[in-house]
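# Survey of secondary and tertiary structure
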Amino acid sequence: MNISRRIVLHFPPRMTGQPVVYRLTKDFNLSFNILKASISPGEEGLLIMELSGDQRNYDKGIQYLTEVGVKIQSLSQDVVRDEARCTHCGACINLCPTSAFSLEPKTRKVLFDHNKCVVCGLCVKACPPRAMRLYF
Amino acid sequence: MSKTIAEINEKIKKGKAVVVTAEEVLDIARKKGISKAAEEIDVVTTGTFSPMCSSGVFLNIGHAKPRIKLGGGKVYLNDVPVYTGLAAVDVFLGATALPEDDPKNKIYPGEFRYGGGHVIEELVAAKDIRLEAVAYGTDCYPRKKLETWINLKDINNAILFNVRNAYQNYEVGVNLSDRTIYTYMGVLKPELGNANYATSGQLSPLLNDPYYKTIGIGTKIFLGGGIGYVAWHGTQHNPNVLRGDNGVPEEGAGTLSLIGDLKQMKPEWLIGTSMLGYGCTLTVGIGVPIPILSEEILRYTAVTDADIFAPIIDFSEAYPQMKPDILGHVSYAELKSGHIAIQGKDVPTASLSSYPKAVEIANTLKNWIQKGKFLLTAPVAPLPDIESGITFKPLKERPIMEQE
C-alpha cells in the first residue's frame, strides 16, 4: 500500500553534511517533494517535505531517519490557528499557494485544512489580527 | 404606512417590536413584498467588522502626586507614543501610532506587530499598560518624569472617538504591476493575482440607509461591543458621488464619526490589527439599527449584494498616483462568489472585512432590542446629504518659497 505524508525533519548540527534524503530514495525507494529547507548558523537544520512510497518502505525510511538522529514531527502540529484571534475576514484565502483556506459557503467562515498546508508561512504575516502561528 | 421612533420604542419596551437583521430582511421582503414587510418589521439591524484606521481613544489618566503636566510633554503607552497636545493629564491614543523603534518599512515589508490599535485592544481587555512620560515641569506641575502601570478600570475616562468609520462602500484593490505590493487593501499579488474588498455589503450600515434618512447625529449604535453614538459625519464624508437607481453609491461616499465609553466595550470587538507593509490599525465592530419608518426605508434595507457595486482600483499605479482610472465596477454578489473577471482575466477575491462577525453584530444588536435593553434614538441633526454641496477635495499643494 502506498502512502504519502508531510513531515518536518530536524537535523542536529553534526548531520547537515550528510545526504539523508538521497539515502531515503536510494535505499528505500521513497519519493520526496521538498517544501521548505533551512540551516541557520549554530542551529539545527530544518527540512519539510512530502515523503511517499510503499508503507513498509516508508516505515523503514522513518526508522532509518530516527536511527541516524533526525527528529521527526508530523506537519499538522506546526501550523496553528488561534481560533480566538481569527476574525474570519478571509484575507488569507487567496494568498495561500495550496488553497489550505476556504470559505464555508453558508456562514462565510474561513476553514483551515491542515492537510493542505505546506508551512510556507505566507499567511502568518499577512493575517491582519495575526491569528496564524508557526511552531517548529 | 408610517411609524415614528417613539412608537417603535413603545413596542420595544413591551417586548413586541419585530426586529430582523439586514440579511434576514431580504427573504421577508422577497416573500411578502415591500409594503407588507414594512408594516410588520419595526427595526432592521446592520453590522460591520473591519479595519478602521481613523480610530482612537481619549484618556484621562488622573493626577499624580506631585502633579505632572503631560500636555506638551512626551508620553508612551507600551512604547507607543500618544498625542499630548491637550490639558495636563488628557492624552489621545491613535490606532495607527507605532513605537519609535519599530523598523517600519526599513525591513520591507514591515510587519507592524504592535501599535496603537493593539494598545487599545489590551486596554479594553483590562490588561495593565506601561505608561512612561517626560514633562518640562511648571510651578503648579513640578514633576518631570513618570513611569507607572495604568489600567482601564482605574483611570478616569477612556472615550473611544473614531473620526471616520463605517465607510459607505469601498474600492476593490488589485495590482497591475509585476511585483507583489503591500497595501491597506492587503497583500496584492502581481498581474491581477487577487482582488480584495472591504465592506459587509448588504449588511453594512450606510449601504442600508443610502441617503442618511434615519442615521444622523445622535443615533445610538453598537460600538466595540458596547453602546456608542454617531457624533458627527465622518471625515471625507462625500455624499455627492455616482449612485445607482437604488440610491446606493458606486464608490466610497458617506462616513460616520463615532463616540462611546471604552470602559463598557469588549476586546473581541476592538482588535489590534497589522497590515503587512502598511501599518497598524484597529478592527472595529459597529452595528446600526434602522427604524422602519416607512416603505421607502424598508426598500433601502432590502438592498442585496447583487445591487451594490464597487469600483476596481489598481493599487500599483492609479491609487498612489491619484489617477482617476477605474478598471470597472463589480457587484458584491460577484465579489462573494470568490472570482471576478477583470480585463478578461479570472481573479480570485477575498475580503478584509469579516462577514460572519458582521452577522454576529447585527444579531447581537437585534437581541438587545428584542430584550428591551436598547431603545432607538432620533437623530438630533441629519448628516449632510446629496444636497449639502459637500465635496471631497484633494490637497491643493502650494510650494513654500523662501522669503527674499
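Residues numbered from 1 in each chain as written. Chains lettered and ligands numbered in written order. Predicted model: local features only at pLDDT ≥ 70, side-chain atom pairs only at ≥ 80, totals over all residues. Heavy atoms only, no water.

## Some thoughts on the interface of chain B and chain A
Applicable threshold: Note on definitions: a residue-residue contact is assigned when non-hydrogen atoms from the two residues lie within 4.5 Å. Summed over both partners, the accessible area lost on bringing two parts together, with a 1.4 Å probe, is the buried area. By definition, a salt bridge exists where a carboxyl oxygen of Asp or Glu is found within 4 Å of a side-chain nitrogen of Lys or Arg. Two N or O atoms form a polar contact when they lie within 3.5 Å of each other; inside protein one atom must be a possible hydrogen donor and the other a possible acceptor, and for residues adjacent in sequence the pair counts only when both atoms belong to side chains. Where helices and strands are cited, they refer to DSSP runs of H or I of at least four residues and of E of at least two residues respectively, numbered from the N terminus.
Each partner contributes to the interface: chain B provides 28 residues, whereas chain A provides 18 residues. Between chain B and chain A, a total of about 1,700 Å² is buried, with carbon and sulfur atoms accounting for 55% of that surface. Where chain B meets chain A, there are 2 salt bridges. Across the salt bridge formed by E111 of chain B and K125 of chain A, the nearest N and O atoms sit 3.4 Å from each other. Where chain B packs against chain A, one counts 13 residue pairs in polar contact (both at pLDDT 80 or more). Elements supplying a minimum of two residues to the side of chain B that touches chain A: β14 (195–197), β19 (270–275), β25 (345–351) and α6 (355–370) of chain B. Residue contributions to the side of chain B that touches chain A peak at 5 residues, all from β19 of chain B.

## Considering the packing of aromatic side chains
Here is the rule we go by: Pairing of aromatic side chains here covers Phe, Tyr and the six-membered ring of Trp, requires ring centres within 6.5 Å, and sorts the geometry by plane angle: under 30 degrees stacked, over 60 edge-to-face, intermediate tilted. The classification of residues rests on relative accessible area computed with a 1.4 Å probe and restricted to protein chains. Under 20% of the type maximum is buried, over 50% is exposed, and intermediate values are partly exposed. Lysine NZ or arginine CZ positioned within 6 Å of the ring centre and within 35 degrees of the ring normal marks a charge as sitting over the ring.
What the rule picks out here adds up to 17 aromatic pairs over all chains. When the centroid spacing of 5.0 Å and the interplanar angle of 25° are considered together, the rings of F101 of chain A and F112 of chain A count as stacked. Of this pair, F101 of chain A sits in strand β6 (residues 101–103) while F112 of chain A sits in strand β7 (residues 110–112), placing them 11 residues apart in sequence. Seen in terms of ring centroids, Y167 of chain B and Y170 of chain B are 5.4 Å apart; in terms of plane orientation they differ by 75°. Their pairing is edge-to-face. Taking the relative accessible area as the measure of exposure, Y167 of chain B reaches 19% and is therefore buried. A network of ring pairs unites the aromatic residues Y167, Y170, Y184, Y278, F315 and Y319 of chain B as a single cluster. Directly above the aromatic system of F374 of chain B lies the positively charged group of K220 of chain B, at a separation of 4.6 Å from the ring centroid.

## Focus: unusual backbone geometry
If a residue is not glycine, its phi is most likely negative; likewise, a peptide bond is most likely trans. The linkage connecting K65 of chain B with the following residue, P66 of chain B, adopts the cis geometry, with an omega of -10°. Of note, the bond from Y108 of chain B into P109 of chain B is cis; its omega dihedral lies within 30 degrees of zero at -10°. Here P109 of chain B shows up in the loop between β7 (90–94) and α3 (116–124). Of note in the backbone geometry, R108 of chain A takes a positive phi value of approximately 60° without being a glycine. Along the chain, R108 of chain A falls in the loop between β6 and β7. Residue E191 of chain B is not a glycine yet carries a positive backbone phi of 50°.

## Let's talk about the nonpolar core
Residue and element names in this part refer to chain B. Rules: In plain words, nonpolar cores are sets of buried Ala, Val, Leu, Ile, Met, Phe, Trp, Tyr and Cys residues tied together by side-chain atoms within 4.5 Å.
Counting residues in hydrophobic clusters, the biggest one holds 51 residues, and the most contacted among them are L59, I61, L77, L262 and I286. The element that contributes the greatest number of residues to this core is α3, accounting for 4 residues. Excluding residues that lie within four positions of it along the chain, I286 makes contacts with T46, G47, T48, M52, N165, A166, I221, F222, L223, L258 and I361. By size, the runner-up hydrophobic cluster in this structure holds 19 residues, among which are L26, L203, A358 and V359.

## Side note on the confidence of the model for chain B
Close inspection of predicted coordinates is inappropriate for parts of the model with low pLDDT. Where we set the bar: The quantity called pLDDT is the predictor's confidence in a given residue, expressed from 0 to 100.
Scored by pLDDT, chain B comes out at a mean of 97, with 100% of its residues at no less than 70. The complex prediction reports pTM at 0.92, with the ipTM value standing at 0.92.

## Observations regarding the packing of helix α1 (residues 20–28) of chain A against helix α2 (residues 55–68) of chain A
Residue and element names in this part refer to chain A. Our working definition: For helices, the fitted line uses only the C-alpha atoms of the stretch in contact; every axis is such a line through C-alpha atoms, and the angle between N-to-C directions lies from 0 to 180 degrees. In this scheme the handedness of a crossing depends on how the near helix is turned from the far one: anticlockwise by less than a right angle means left-handed, clockwise means right-handed. Classification used: nonpolar for Ala, Val, Leu, Ile, Met, Phe, Trp, Tyr, Cys and Pro, charged for Asp, Glu, Lys and Arg, polar for all others including Gly.
Where α1 meets α2, the axes come as close as 10 Å, and the angle between the chain directions of the two elements is 145°. Here α1 and α2 pass one another in a crossing that is right-handed. Contacts from V20, R23, L24 and F28 in α1 reach N57, K60, G61, Y64 and L65 in α2. Within the contact of α1 with α2, the residues separate by chemical class into 5 nonpolar, 2 polar and 2 charged.

## Here we look at the sheet that holds strand β3 (residues 45–54) of chain A
All names here are of chain A. Inclusion rule: What makes two strands pair is DSSP finding at least two bridges between them.
Taken in spatial order, the 4 strands of this open sheet run β2-β3-β1-β4, and their pairing is antiparallel. Each end of this open sheet is capped by a strand with a single partner; those strands are β2 (31–39) and β4 (71–74). The average angle at which neighbouring strand axes cross in this sheet is 25°, direction not considered. In this structure, strand β1 (residues 2–11) lies alongside β4, joined through 4 bridges in antiparallel fashion.

## Here we look at α6 of chain B
Think of an α-helix as 3.6 residues a turn; residues three or four steps apart then line up on the same face. Residues and elements named next belong to chain B. Note the following rule: What a helix should span is 1.5 Å times the count of its residues minus one.
For α6, built from 16 residues, the straight-helix expectation of 22 Å at 1.5 Å per residue is met to within 8% by its first-to-last C-alpha distance of 22 Å. For α6, every residue scored as buried is listed here: Y355, P356, K357, A358, V359, I361, A362, L365, K366, W368 and I369. Where α6 begins, the capping side chain belongs to S354, and its oxygen is found 3.1 Å from the backbone nitrogen of K357. Directly beyond the C-terminal end of α6, a positive phi value near 75° is found at G372.

## Some words on the side chain of R108 of chain A
Stated formally: In this tally, Asp and Glu contribute negative charge and Lys and Arg positive charge; neither His nor the terminal groups of the chain are included.
Buried within the structure, R108 of chain A lacks any salt-bridge partner; D305 of chain B is the closest side chain of opposite charge, at an N-O distance of 6.9 Å. Within the structure, R108 of chain A has its side chain in polar contact with the backbone oxygen of K336 of chain B (distance 3.3 Å). Residues within four places of R108 of chain A in sequence aside, it is in contact with H88 and L103 of chain A together with Y197, K336, Y355 and P356 of chain B.

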